[in-house]
Each structure stands twice: as C-alpha cells, then as structure tokens.
Amino acid sequence: MELRQIRYVLAVAEERSFSRAAGRLHLAQPSLSQQIAKLEKLLGVTLFHRLPQHVELTDAGQRFVQVAQSLIDMAEGLEREMRAYAVGESGKLLVGSLPITGAYVLPRVIPAFTKQFPGVELQLIEDTSSNLEQLLVRGKIDVSLLTMPIADPSLEVIPAIHEEIYLAVPPQHPLAKRQEVDLAELAGQPFILLKEGQGFRTISLRLCEQAGFRPRIVFESSNIQTVQSLVAAGMGLSFAPKMITLAPGTTEPPVYLSLTGRPFRTLVVAYRKDRPLSRPAESFVRSLVEQGGAM
C-alpha cells in the first residue's frame, strides 16, 4: 500500500466522485479507478459503493479513511520536520489571518520575514476565527492568528496581543458624552454585532451575558468596519477592540467609550501540536508575538 493510493482514496471520499477526484488530483479517471481497484484487491475489501450518480464509503471504507487521514498527517509532519533541518529552505508557509487584525499586524511582520526567507512563498488565508481554527486542525494552514477562546485541544496557542474592548456609540447618542459606561446600563439598547462564526461576536455576547442581559441585535455584518459604520450612522451600539479605534474606517467614526472593568480580548498565534514548525514558521510566529507585545 502506497501513500499516493491512500491520498487517492481520501480524495474520492471527499468528492464522492471518481471523476471530480481525478480532476482534483490531475489524473485520468480510468487510472484513478484502476489504482483504487488495485488497492481494494490488495486489502481484500471494497472501499466504495459505486452508485449511478456518486460513490459512498462502505463500512470498511469509513474505517480506512479514519485511519488513513492519521497516516497522511504523520507523513506530512515527518516531511515538515525534515525540511526544518534543510539549509536555504524553500517552500510555502500558509498563514491564517483575521481580516482586520491581519491588516493591522501583518504589515509589521511580513517585510522582515520575506527578507529573511526570500525562497519561502508566504500565502495568507483570511477567514473567521472559527473557520481558521478548523483549517488549522485539518492541516490546511500552518499557523494562524486566532481569537480566544480556542476550542480544539490539538492546537498549541501562544498569546500575542492583549487589547482593551470599547463600547462604540453614535456621536449623537446621550452616552457619547460619558467617559465610562457600565455595560449593565445598556440592557434593551439596540446592538449591531458580527455574524455567527466570528470570534469577536462570541466575546461581545459573553460581555453582555456577564452584565446580566442578552443583547437586542438589530443588525449583523461579517465586517467589523461595516459594524462601526452602522453605529456611526445611529443604528445601534456595538463593541470594538482597541486596534479598530485607532484606525476607524468610517468618514465619521463612532464615539468609543471605556467600559467599567476594562474588558479585553486576547489574540493568539496557533499551530498544531503534532506538526513541528519549520524554521520559517518558527520565525514568523516569534515575530508575531514580538509585534503583539509591542502594541
């Protein structure tokens, strides 16, 4: 049994189609079918039910895929570890980034990194914190900026940025003249929050819960700058981490007020515990943590 055959089975299982898997693997479909049939003969089991419109895993196939993914992860981890010993490394570093956070932090890190590792292709993947966490767990990215809390125990997390969270209010709102607000006063007020899956939404909901109420959400957005614009337009209240207050993206930004107790959020750099970091990845993580500490 060869690693390439294992990868073929995983591709067909994910695509549920020999033709789509063959396209993804850049193989001719007959060749892919022959390789999997050869593997099934070797193992003495049928891995797939071949149906008219798609394929489905047999019971044996489901168990094969479960173990096979671990084997591929181990093989890739070994390959990464060996590359870490190489001199004059080349390759690709896949970095997950929260869109706004990345725009604020990464320009402080990337220029020095590309100068130190000119042969390494740095690729950024921007997504929500929850999606980036899953990509990291599945090995689709190498390291990522994430918002605490982190749910998966397979990830190593290094605190990078601690920043205060402020209340964002419209400039004309009666609260705008205040220096500090107790969040418990805001029960019943309209709130504008990020959509599900965003780490900062979870933080916002938790702050309201700790203050003793559930926020009355009137608008949601996937972009935190859009949230700030809606607040500035008088549509409701929201929250903002410090970095947003320093570089608001609206013509007339909201008024940012301190909250009693000075709540904060923690951003971390995360990677898989069972996947040794390459030398470029270690350097990138170290730079992110150093930049976060300087903010």
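All values reported here derive from a predicted model rather than from experimental measurement.

Before going further, it helps to examine the overall build of the chain. Counting its regular elements, the chain contains 11 helices and 12 strands. Along the first, second and third principal axes, the C-alpha set of the chain runs to 75 × 50 × 30 Å. Scored against the burial criterion, the 295 residues of the chain give a buried share of 44%. Pairs at least 24 residues apart make up 73% of the contacts formed inside the chain by residues separated by at least 6 positions. Counting every atom, the chain has about 15200 Å² of accessible surface; 52% of that belongs to carbon and sulfur. Here the chain holds 31 positive side-chain charges and 30 negative ones, and the gap between their average locations is 3 Å.

Another point: the packing of helix α1 (residues 3–15) against helix α2 (residues 18–25). Put simply, α1 and α2 touch, their axes get as near as 8 Å, and they point 125° apart. In terms of orientation, α1 and α2 fall into the oblique class. Crossing hand, α1 versus α2: right-handed. Listed contacts from α2 to Y8, A11, V12, E14 and E15 of α1 are F18, R20, A21, R24 and L25.

Our focus in this paragraph is the side chain of S144. Relative to the assigned elements, S144 resides in strand β5 (residues 143–147). Since its relative accessible area comes to 1%, S144 is described here as buried. Reaching out from S144, the side chain makes a polar contact with the backbone oxygen of G96 at a distance of 3.3 Å. Every residue in contact with S144, bar those within four places of it in the chain, is listed here: G96, S97, L132, L136, V268, V269 and A270.

Scanning all chains against the criterion turns up 17 salt bridges. We note a salt bridge from R50 to E40, for which the minimum N-O separation is 2.9 Å. Taken together, the residues R50 in strand β1 (residues 48–50) and E40 in helix α3 (residues 29–43) connect sequence positions 10 residues apart. Two residues, R275 and D73, come together in a salt bridge whose shortest N-O distance is 3.1 Å. Here D73 lies in helix α4 (residues 59–84) and R275 lies in the loop between β12 (264–272) and α11 (279–294), a separation of 202 residues in the sequence.

Another point: the packing of α1 against α3. To characterise two packed helices, one gives the angle between the axes of the helices and the distance between these axes. Following both chains from N to C, one finds α1 and α3 inclined at 110°, their axes separated by 10 Å at the closest point. As judged from the angle between their axes, α1 and α3 are roughly perpendicular. Pair α1 / α3 crosses with left-handed handedness. Each of R4, Q5, Y8, V9 and V12 in α1 lies in contact with α3, whose residues at this interface are L32, Q35, I36, K38 and L39. Split into classes, the residues belonging to the contact of α1 with α3 amount to 6 nonpolar, 2 polar and 2 charged.

Let us now look at the packing of aromatic side chains. Here a ring pair, both rings aromatic, is described through the centre-centre distance and the interplanar angle of the planes. Using the criterion set out here, one finds 5 aromatic pairs in the structure. Taking the centre distance of 5.2 Å and the plane angle of 40° together, the rings of F113 and F117 count as tilted. Assessed through its relative accessible area of 3%, F113 is described here as buried. A centroid spacing of 6.2 Å and a plane angle of 35° characterise the contact between F191 and F213, whose relative ring orientation is tilted. Of the two residues, F191 is situated in strand β8 (residues 190–194) and F213 in the loop between α8 (199–210) and β9 (216–221); the sequence distance between them amounts to 22 residues.

So, how was this worked out
Residues numbered from 1 in each chain as written. Predicted model: local features only at pLDDT ≥ 70, side-chain atom pairs only at ≥ 80, totals over all residues. Heavy atoms only, no water. Helix = DSSP H or I, 4+ residues; strand = E, 2+ residues; numbered from the N terminus. Buried < 20%, exposed > 50% of the residue type's maximum accessible area, 1.4 Å probe, protein only. Contact = heavy atoms within 4.5 Å. Areas by Shrake-Rupley, 256 points an atom, 1.4 Å probe, with all protein chains shown as cover. Lys, Arg positive; Asp, Glu negative; His and termini not counted. Charge placed at Lys NZ, Arg CZ, Asp CG, Glu CD. Axes fitted to C-alpha atoms, helices over the stretch in contact; angles between N-to-C directions. Parallel < 35°, antiparallel > 145°, perpendicular 65-115°, else oblique. Left-handed = near helix turned anticlockwise from the far one by under 90°. Polar contact = N/O pair within 3.5 Å; in protein donor to acceptor, adjacent residues only side chain to side chain. Salt bridge = Lys/Arg side-chain N within 4 Å of Asp/Glu carboxyl O. Nonpolar A, V, L, I, M, F, W, Y, C, P; charged D, E, K, R; others polar. Phe/Tyr/Trp six-rings, centres within 6.5 Å; stacked < 30°, edge-to-face > 60°.

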